[in-house]
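# Structural overview for review
For reference, the chains in residue letters:
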Amino acid sequence: MRIAIGSDHGGYRLKQKVIEFLKETGIEYKDFGCYSCESVDYPDFALPVAKAVASGEYDRGILICGTGIGISIAANKVKGIRAALCHDCFSAKASRQHNDANILAMGERVIGQGLAIEIVKTWLASKFEGGRHERRVRKIMEIEKEES
Ligand code: RB5
């Protein structure tokens, strides 16, 4: 599995922690920035990660900002992206099983690093269940088509 990861300054420290976990686990990734705690704009990092996932170049994405809100809203503007903001393992699992989320968003200012890593582990291990959920995800894609 190839992961595209990005953050703004508000998520930089947690991104580094997640990268450490990906390295330790042997999961391939590309860090799309940012590269320090200097103030930046989260859409500038949501866009390349979302494009990398939507194009199929990367299988899934992880985006982090202060709250996870701005960066997930921005990522969800890219066609084909289903970015899920998750701050607990139950939602992380459901976002894969029910929504086929292809980007996990988190907020560094909201949760601790320990929980964040558990969320990442759960999210990466969970699979889309298809069935009735397939129909609903297809309807999301139809909305995207209609609105573009
Ligand atoms: C940056 O201060 C902060 O607004 C950003 O990281 C994020 O929380 C936005 O949704």
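Keep in mind the model is a prediction, meaning the values are calculated, not measured. (Residues numbered from 1 in each chain as written. Predicted model: local features only at pLDDT ≥ 70, side-chain atom pairs only at ≥ 80, totals over all residues. Heavy atoms only, no water.)

### Side note on the pairing of strand E2 (residues 28-31)
One ladder, built from four bridges, connects strand E1 (residues 2-7) with E2; its direction is parallel. Residue pairing for E2: Ala4 is matched across the bridge by Lys30. This β-α-β element, E1 to helix H1 (residues 12-25) to E2, shows right-handed connectivity. (Pairing = 2+ DSSP bridges. Helix = DSSP H or I, 4+ residues; strand = E, 2+ residues; numbered from the N terminus. Right-handed = clockwise from strand over helix to strand, strands pointing away.)

### Details of the nonpolar core
Judged by nonpolar contacts, the single largest core of 22 residues is most densely connected at Val18, Ile62, Met106 and Val120. Elements represented by at least two residues in this core include exactly E1, H1, strand E3 (60-65), strand E5 (103-107) and helix H5 (113-125). Element by element, the count of residues in this core is highest for H5, at six residues. Not counting residues within four places of it along the chain, the set of residues in contact with Val18 comprises Ile5, Ile62, Ile64, Met106, Ile117 and Val120. Formed by 18 residues, the second largest nonpolar core is a distinct cluster that contains Ala4, Ala52, Leu63 and Ala74. (Core = buried A, V, L, I, M, F, W, Y, C linked by side-chain atoms within 4.5 Å. Buried < 20%, exposed > 50% of the residue type's maximum accessible area, 1.4 Å probe, protein only. Contact = heavy atoms within 4.5 Å.)

### Considerations on the site of the ligand
Every residue near the ligand is listed here: Asp8, His9, Tyr42, Cys65, Gly66, Thr67, Gly70 and Arg109. One of the side-chain nitrogen or oxygen atoms of Asp8 is found 2.6 Å away from an oxygen atom of the ligand. Contact distances for the ligand include 2.9 Å between an oxygen atom and a backbone N or O atom of Gly70. Its free accessible area being 290 Å², the ligand has 72% of it covered by the protein chains. Of the residues contributing to the shell around the ligand, the split by class is two nonpolar, four polar and two charged. (Near = heavy atom within 4 Å. Polar contact = N/O pair within 3.5 Å; in protein donor to acceptor, adjacent residues only side chain to side chain. Areas by Shrake-Rupley, 256 points an atom, 1.4 Å probe, with all protein chains shown as cover. Nonpolar A, V, L, I, M, F, W, Y, C, P; charged D, E, K, R; others polar.)

### Side note on helix H2 (residues 43-54)
With 12 residues, H2 should cover 16 Å at 1.5 Å per step; its first-to-last C-alpha distance of 16 Å lies within 8% of that length. Buried within H2 we find Phe45, Ala46, Val49, Ala50, Ala52 and Val53. All buried residues of H2 fall inside an arc of 160° around its axis, so they share one side. Of the exposed residues in H2, those oriented more than 90 degrees away from the buried face are Asp44 and Lys51. (Expected span 1.5 Å × (residues − 1). Arc of directions from axis to C-beta.)

### Digging into H1
Helix length check: H1, at 14 residues, gives a terminal C-alpha distance of 20 Å against a target of 20 Å (1.5 Å per residue), a fit within 8%. Looking at the buried residues of H1, the elements they touch are E1, E2, E3, E5 and H5. Just downstream of H1 lies Gly26, where phi reads positive at about 80°.

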